[in-house]
Protein chains: 2
Amino acid sequence: MLDERKAAILRAVVEEYIETAQPVGSNHVARSERVNVSSATVRNEMAVLEQEGYLHQPHTSAGRVPTDRGYRFFVDSLGRGSGRLPNAQNHEIRTFFETSHGALETMLLDTSRLLANLTNYASVVVGPQHEAARLRSVQLVGMNAHTVLLVAVLSDAALERHTLEAPFDCTDEIVALATTRLATHLLGSPLADLPVIAATEDSRVNTLVEAARDALAEAGRSHTGDVFVGGTARMATAFDAVETVRDVLATLERQYVVVTLLRDVIDGGLSVSIGSEHGIEPLAACSVVVSPYLVDGQYQGSVGVLGPTRMNYSQALAAVAAVSQRLGRRLSDG
Amino acid sequence: MLDERKAAILRAVVEEYIETAQPVGSNHVARSERVNVSSATVRNEMAVLEQEGYLHQPHTSAGRVPTDRGYRFFVDSLGRGSGRLPNAQNHEIRTFFETSHGALETMLLDTSRLLANLTNYASVVVGPQHEAARLRSVQLVGMNAHTVLLVAVLSDAALERHTLEAPFDCTDEIVALATTRLATHLLGSPLADLPVIAATEDSRVNTLVEAARDALAEAGRSHTGDVFVGGTARMATAFDAVETVRDVLATLERQYVVVTLLRDVIDGGLSVSIGSEHGIEPLAACSVVVSPYLVDGQYQGSVGVLGPTRMNYSQALAAVAAVSQRLGRRLSDG
DNA sequence: AGCTGGCACTCGGTATCCTCGAGTGCCAGC
DNA sequence: GCTGGCACTCGAGGATACCGAGTGCCAGCT
């Protein structure tokens, strides 16, 4: 563990570096408020901090730059309520959620934009899972002789759709019968726990009903939540190497990777993942700040922010926390 | 108009510059196949081409770079069938559309990625409009006392959803009645031409039915097609100025701007818009190659590619044409 | 024992200067 | 009207020098 003075010096370096993006020298630190020792002492301490892996020196006779480990210490030592949002931002969040309405998807996309605006980093919003959601409506629609569209409305206002391929000619009558059976047996049940539907004498109806029920159950099981990414343009100026920018953007387009990343961080009980911690190679220069949101007391999804490792953690934490809380509340009542 | 020799020189400059991104000197052009004059003559011609606005000289003693006008001439002089796709790419497109199935949205998103891979530029796919689509299924679902979800399936397999706010308590019965009325009167009609529904004695049912019909009609009128953007990461390396990258990415996030851009180009009867031609300030360094696709013989949407003005037009044109044609065909049969 | 001021040293960034060569415009001659 | 020749331009790239922020270390002070 670091003694109090080393910790203060490390914090000072991180803060300075976050602000200026320049290697920080002992003089700057010594001049800082919280440290009341000479620059020579700071130098000695910084040498130790470097040996222990908290700082890095780009080359002799340069200042120090925090390593991922240094950022980690910094983030862990941030007090819980440390970051307060400016009133203007708080107000912006509140009015956003008060005035937003319309389709769930639109709102989540707008939420990701809100978050990007607040923090000036790229943002990610993972939509609610469907596992706990109940079936509000289910309908089969014949599109042509062999394909039937399954449309379901869930209690969280999400829409689930699925294309079913039928191995026989689907008449309107069969489709209607199947729809009725599905509705009478499944409505009101959570996707995770759909009752089995007894067979009828018409095997084609049975086939359709089975396929639909399976698709819904599968959706409840595997649906990881839709992803909405916003503010990617801000990544262009966040790094100086264009290759980094390209790699980060390319990774953000692979939505599966993004959901998994957020989920892993949350499952690990963390709210911040720094640089190489998350093990996604092209995002090694990035940190992620995440917060799950609760709908009716249950974990349903997450919102997050993705920026360079030298991002403003306390502001990002505050913004992400505020947005996730408001979002959860907003989704809790219809 | 340019005489044949000037045209040949201009074409040579454009081709060379597209390939190397370096200002092109008279020697390179003189050495080219299609021009059989000395470099001195080429210099004289290039001076004229510059005066007439086809070329630009970054500074004295540098080669020439095409202007937007130069690119325009080049593109216009490309023979129709000039650009042939390599067989591998043709094959890739074919198998993509043969194997893709599932929800329309997923397919369009994947299409945009396909196009980005083929061309190495950012790509845009605008989904079908709903104007001509017929109503296949319509359903109201009560979400809570005052909100009702309207879900409609269209003949192009698209799903239209809308939240209706009811100024009274919605019982399941009212919702069911309204659904039935909507279904019996509207199914099969194109959104652009929905029949008026006579009132019943229950005014609350009437209100709901009216609201739903209006929402559908409005959707048919104003729905411009969903936008799917792919390959944005490739913009990171397409320009050397990071600000340009940032501005382009930011613009690509504003989907409305993108749809409008594509539509304007197509409405102007063009398939390429170069640099400042389209008048969108932050995209002044970009060219757009677009192609509409036809579903059952009707214009329904478009696919396009967005790259730097020095993009490979003939390849982009070929790829966009191939994809739009296949996409249209794929959407024509369910 | 621990901190500090002092000092010699390092080394990347910036500025300056120079050279090189690709490119140009122009002109006289074929 | 085209071409070879020529003088000129000017940015890119390399060498050199300098500056200063920053370091490590040590002797001396508290």
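Everything numeric here is computed off the predicted structure, so don't read it as measured data. (Residues numbered from 1 in each chain as written. Chains lettered and ligands numbered in written order. Predicted model: local features only at pLDDT ≥ 70, side-chain atom pairs only at ≥ 80, totals over all residues.)

## Focus on the sheet that holds strand β3 (residues 122–126) of chain B
All names here are of chain B. Which entries qualify depends on this criterion: For two strands to pair, DSSP has to find at least two bridges joining them. A helix here means a DSSP run of H or I that spans at least four residues, while a strand means a run of E at least two residues long, and both kinds are numbered starting from the N terminus. The axes are straight lines fitted to the C-alpha atoms, using for helices just the contacting stretch, and the angles between their N-to-C directions are given from 0 to 180°. Two residues form a contact once the distance between their C-beta atoms, set from the backbone, is within 7 Å.
Pairing within the open sheet is antiparallel, and its 5 strands lie in the order β7-β3-β10-β9-β8. Of all strands in the sheet, those bounded by a partner on one side alone are β7 (227–230) and β8 (272–274). With direction set aside, neighbouring strand axes in the sheet form an average angle of 15 degrees. Of the strands in this sheet, β3, β7 and β10 (298–308) touch helix α6 (residues 104–119), which is tilted by about 150 degrees from β3.

## Considering the protein's contact with DNA strand C
Here is the rule we go by: Residue proximity rests on one test: whether the C-beta atom, placed from the backbone, lies within 6 Å of the molecule or strand.
Taken together, 19 residues are adjacent to DNA strand C, and Val37(A), Thr41(A), Ser61(A), Gly25(B) and Ser26(B) come closest. Of all the elements in the fold, those that place two or more residues in the surface near DNA strand C are α3 (39–51) of chain A together with α2 (26–31) and α3 (39–51) of chain B. Looking at which element gives the most residues to the surface near DNA strand C, the answer is α3(B), with 4 residues.

## What to know about the protein's contact with DNA strand D
How we decide: Polarity classes work like this: nonpolar for Ala, Val, Leu, Ile, Met, Phe, Trp, Tyr, Cys and Pro, charged for Asp, Glu, Lys and Arg, and polar for all others, with Gly in that last group.
With respect to spatial proximity, 19 residues lie near DNA strand D, and among them Gly25(A), Ser26(A), Val37(B), Thr41(B) and Ser61(B) are the closest. For the surface near DNA strand D, the elements supplying multiple residues, two or more each, are α2 (26–31) and α3 of chain A together with α3 of chain B. Ranked by the residues each element gives to the surface near DNA strand D, the list is headed by α3(A), at 4 residues. Partitioning the surface near DNA strand D into residue classes produces 6 nonpolar, 11 polar and 2 charged.

## A closer look at the pairing of strand β4 (residues 135–144) of chain B
Residues and elements named next belong to chain B. Cut-off, in case you're wondering: For every residue, the other C-beta atoms within 10 Å of its own C-beta are counted; 20 or more classify it as buried, 12 or fewer as exposed, and values in between as partly exposed. C-beta atoms are placed from the backbone.
The buried fraction of β4 amounts to 7 of the 10 residues, a majority that puts the element mostly inside the structure. Judged from the 8 bridges that link them, β4 and strand β5 (residues 147–154) form a sheet pairing that is antiparallel. In the sheet register, Leu 135 faces β5, and the bridge partner there is Leu 154. Connecting β4 to the antiparallel partner β5 that follows it, the hairpin turn spans 2 residues.

## Some remarks on the interface of chain A and chain B
Often the size quoted for an interface is simply the accessible area lost on bringing the parts together. Tallying the contact residues gives 28 residues for chain A and 28 residues for chain B. Of all the secondary structure elements, the ones that give two or more residues to the side of chain A that touches chain B are β4 (135–144), β5 (147–154), β6 (159–165) and α9 (242–253) of chain A. Residue composition of the side of chain A that touches chain B, grouped by class: 14 nonpolar, 10 polar and 4 charged.

## Regarding the sheet that holds β5(B)
Residue and element names in this part refer to chain B. Taken in spatial order, the 3 strands line up as β4-β5-β6 in an open sheet, and their pairing is antiparallel. The outermost strands of the open sheet, each flanked by one partner alone, are β4 and β6 (159–165). Looking at each pair of strands side by side, their axes are set apart by 20 degrees on average, direction ignored. Summarising the sheet, β5 and β6 pair through 7 bridges and their orientation is antiparallel. When the sheet's bridge partners are listed, Leu 150 is paired in β6 with His 162.

## Comments concerning the relation of the copies chain A and chain B
So the rule is basically this: A residue counts toward the fit only if its pLDDT is at least 70 in both copies, and the copies are then superposed by least squares on the C-alpha atoms of those residues.
Overlaying chain A with chain B gives an RMSD of 0.1 Å, the required rotation being 180 degrees about an axis along which the chain moves by 0.0 Å. The transformation just described matches what one would write down for a two-fold rotation axis. Among all C-alpha atoms of chain A, that of Ala236(A) lies closest to the rotation axis, at 3.6 Å. Interface overlap between copies is the fraction of interface residues in one copy that are interface residues in the other; for chain A against chain B it reaches 100%, indicating a shared surface.

## Some details on the environment of Arg181(B)
Residues and elements named next belong to chain B. Looking at the secondary structure, you find Arg 181 in helix α7 (residues 172–186). Residue Arg 181 is classed as buried on the basis of its C-beta count, with 23 C-beta atoms lying within 10 Å. In the structure, Arg 181 is positioned 53 residues away from Pro 128 in sequence and 27 Å away in space, judged by C-alpha atoms. Here Arg 181 is in contact with Ile 197, Val 205 and Val 209, once residues within four sequence places are set aside.

## Topic: α9(A)
Residues and elements named next belong to chain A. To be explicit about the condition: An expected span of 1.5 Å times one less than the residue number is assigned to each helix.
The terminal C-alpha atoms of α9, which comprises 12 residues, lie 17 Å apart, in line with the 16 Å expected from a rise of 1.5 Å per residue. Listing the buried residues of α9 in full gives Val 245, Arg 246, Asp 247, Val 248, Leu 249 and Leu 252. Looking at the packing, one finds that the buried side of α9 touches β3 (122–126), β7 (227–230), α10 (255–267) and β9 (286–295).

## Concerning the packing of helix α1 (residues 4–20) of chain A against α3(A)
Residue and element names in this part refer to chain A. Formally: Each angle is binned into one of four classes, with values under 35 degrees roughly parallel, values over 145 roughly antiparallel, values of 65 to 115 roughly perpendicular, and all other values oblique.
One way to put it is that α1 packs onto α3 with a least axis distance of 10 Å and a crossing angle of 85 degrees. Taken together, the axes of α1 and α3 are roughly perpendicular relative to one another. Contacts between α1 and α3 involve Arg 5, Lys 6, Ile 9 and Leu 10 from the former and Val 42, Glu 45, Met 46, Val 48 and Leu 49 from the latter.

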